[in-house]
Amino acid sequence: MKIPVFDLERYFAKYEFSTKYLLSCSDCQTMSMHELAAMASEAARPLWDGLELGYTETMGHPLLRQAIADLYLGLAADNTLVAAPEEGVFLFMNTLLKAGDHVVCISPAYQSLHEVARAIGCEVSDWVLDEQNGWAPDLADLEKLLRPETRLVVINFPHNPSGAVVSQDFLDSLYALLDARGIYLLSDEMYRFLYHDQAQPPNPACGDYHRAVTLGGLSKAFGLPGLRLGWLATQDMDLLEEMSRFKDYTTICHSAPSEILGIIALENREAILDRQTRLIRKNLEVLEAFLKEHDARIRCVLPKGGSMCFPRLTFTDSAQAFCENLVRDTGVMLVPSTMFRFGDHHVRIGIGRRDFPKVLEVFSSYLAAVV
């Protein structure tokens, strides 16, 4: 398989560990291994203390898979497969798709959500979100893109990078549209637990649509990307078995320490997610004040979910050139929309980190001085 350079990840590789300030992180505030391990219940503590560093089960630790299944109404442990989040996309697409299939993917999107399908030999159409409509997807636009050979539609809500969300009614209509045509759905729900205002967030796709596969994990909302722990969940048992066989050619099995720490994290999900949600709400207030101060320079649809937003820079013809100057002059790394192959006018701002107010203040001072 020949696959293009992953622009966003190469950009992070260049700056993430060498620059002073990160303003485009997609994950929430991380925690130390000591802090997480200290949260272990009496039942989970022996799993960690007595852990043998041998091979693990291909599908994932049974207790971990049960903890994952508990997140999805109507699904059991057997409906889940543990994999690194990025690996999950690769496993699913290489199992479901073949050259000549047609795929529709939300746009802008994390590159692997469309590029893996292209590398397989699929034709991929962009289902472009409308900034003028609050980055909301339009089912009428999707219907125009569908073809007889459409095999898969890919969505991601809460959305990276805009923070847009969708309603249960929207998803129900989407499922009906796809079901009538026998089309599969990949629902990237890495930010599922981060709905800012919705008292009743929509259900996970895998529980409501029999051809849906949900991608989940601990990297974003939980702030545990170092565990590299994610999963796929679906009602389609045959597809799940095929994906597990394909995994024999990738990682074979997951990291034993990560699996036990994942069990501990899911046992404590309410406490962890409450902390992340409170932090994001505080940072949203800081963001709104910043946007009011710079309303002549930046236009932004406020995020309704997730841990980021996708503002438009109105003062420059090149967001990428501005970001390169910014990191050089201040040490603030900001990701331009070119890394999402979505024009050159937007930037992604991450709002999930504890140091967000401090970093935003540095950015604000730079804007006031040079723009």
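First, a word on what this report is: a plain description of the structure on this page. Remember, it's a predicted structure, so these values are computed and weren't measured experimentally.

Rules and cut-offs
Numbering of residues starts from 1 in every chain and runs along the sequence as written. Local features in this predicted model are restricted to residues of pLDDT 70 or higher, and side-chain atom pairs are both shown and tallied only at a pLDDT of 80 or more, whereas totals for entire chains, interfaces and linings draw on every residue. Hydrogens and waters are ignored; side-chain quantities use all the structure's heavy atoms. Remark: nonpolar core denotes a set of buried residues (Ala, Val, Leu, Ile, Met, Phe, Trp, Tyr, Cys) joined through side-chain atoms within 4.5 Å. Only protein chains enter the accessibility calculation, which uses a 1.4 Å probe. A residue is then buried if its area is under 20% of the maximum for its type, exposed if over 50%, and partly exposed in between. Numbering goes from the N terminus for both helices and strands, where a helix is a DSSP run of H or I of at least four residues and a strand is a run of E of at least two. What makes two residues a contact is simply this: any of their non-hydrogen atoms within 4.5 Å. By this rule the span expected of a helix is its residue count minus one, scaled by 1.5 Å. Here the arc refers to the set of directions running from the helix axis out to each C-beta atom. In short, DSSP must find at least two bridges between two strands for them to pair. Angular values range over 0 to 180 degrees, each being the angle between N-to-C directions of two axes fitted as lines to C-alpha atoms, with helices fitted over their stretch in contact. Throughout this description, a polar contact denotes any pair of N or O atoms lying within 3.5 Å of each other; where both atoms belong to protein, one of them has to be capable of donating a hydrogen while the other can accept it, and for residues adjacent in sequence the pair is counted only when both atoms sit in side chains.

### Focus: the nonpolar core
Counting 127 residues, the largest nonpolar core has Phe-92, Met-93, Trp-127, Leu-152, Val-153, Leu-185 and Phe-363 as its most contacted members. For this core, the element with the most residues is helix H12 (residues 269–293), which contributes 7 residues. Leaving out residues up to four positions away in the same chain, Phe-92 has contacts with Leu-152, Leu-186, Val-213, Leu-232, Leu-239 and Met-243.

### What to know about helix H14 (residues 356–370)
If you check H14, its first and last C-alpha atoms are 21 Å apart, about what 15 residues at 1.5 Å a residue would give, namely 21 Å. Buried within H14 we find Phe-356, Val-359, Leu-360, Phe-363, Ser-364, Tyr-366 and Leu-367. Taken around the axis of H14, the buried residues stretch over an arc of 160°, which confines them to a single face. Counted as exposed and oriented over 90 degrees from the buried face of H14: Lys-358, Glu-361 and Ala-369.

### What to know about the sheet that holds strand E5 (residues 150–156)
Across the sheet, which stays open at both edges, the 7 strands sit in the order E2-E8-E7-E6-E5-E3-E4 with mixed pairing between neighbours. The open sheet has two edge strands, strand E2 (80–83) and strand E4 (123–128), and neither has a second partner. Strand-to-strand twist in this sheet, taken as the mean axis angle between neighbours without regard to direction, amounts to 20°. In the sheet, strand E6 (residues 184–188) pairs with strand E7 (residues 212–217) via 4 bridges, with the strands oriented parallel. The residue bridging Asp-188 from the neighbouring strand is Leu-215, located in E7.

### Points about the side chain of Thr-56
You can see Thr-56 is positioned in the loop between helix H3 (45–49) and helix H4 (62–69). Separated by 2.8 Å, the side chain of Thr-56 and the backbone oxygen of His-254 make a polar contact.

### Observations regarding the environment of Leu-313
Inspection of the secondary structure assignment puts Leu-313 in strand E11 (residues 312–313). Leu-313 gets classed as buried once you look at its relative accessible area, which sits at 3%. Along the chain, Leu-313 and His-61 lie 252 residues apart, while their C-alpha atoms are 46 Å from each other. Filtering out sequence-adjacent residues up to four positions away, Leu-313 remains in contact with Arg-297, Ile-298, Ala-319, Phe-322, His-345 and Val-347.

By themselves, these are just geometric observations and shouldn't be taken as functional.
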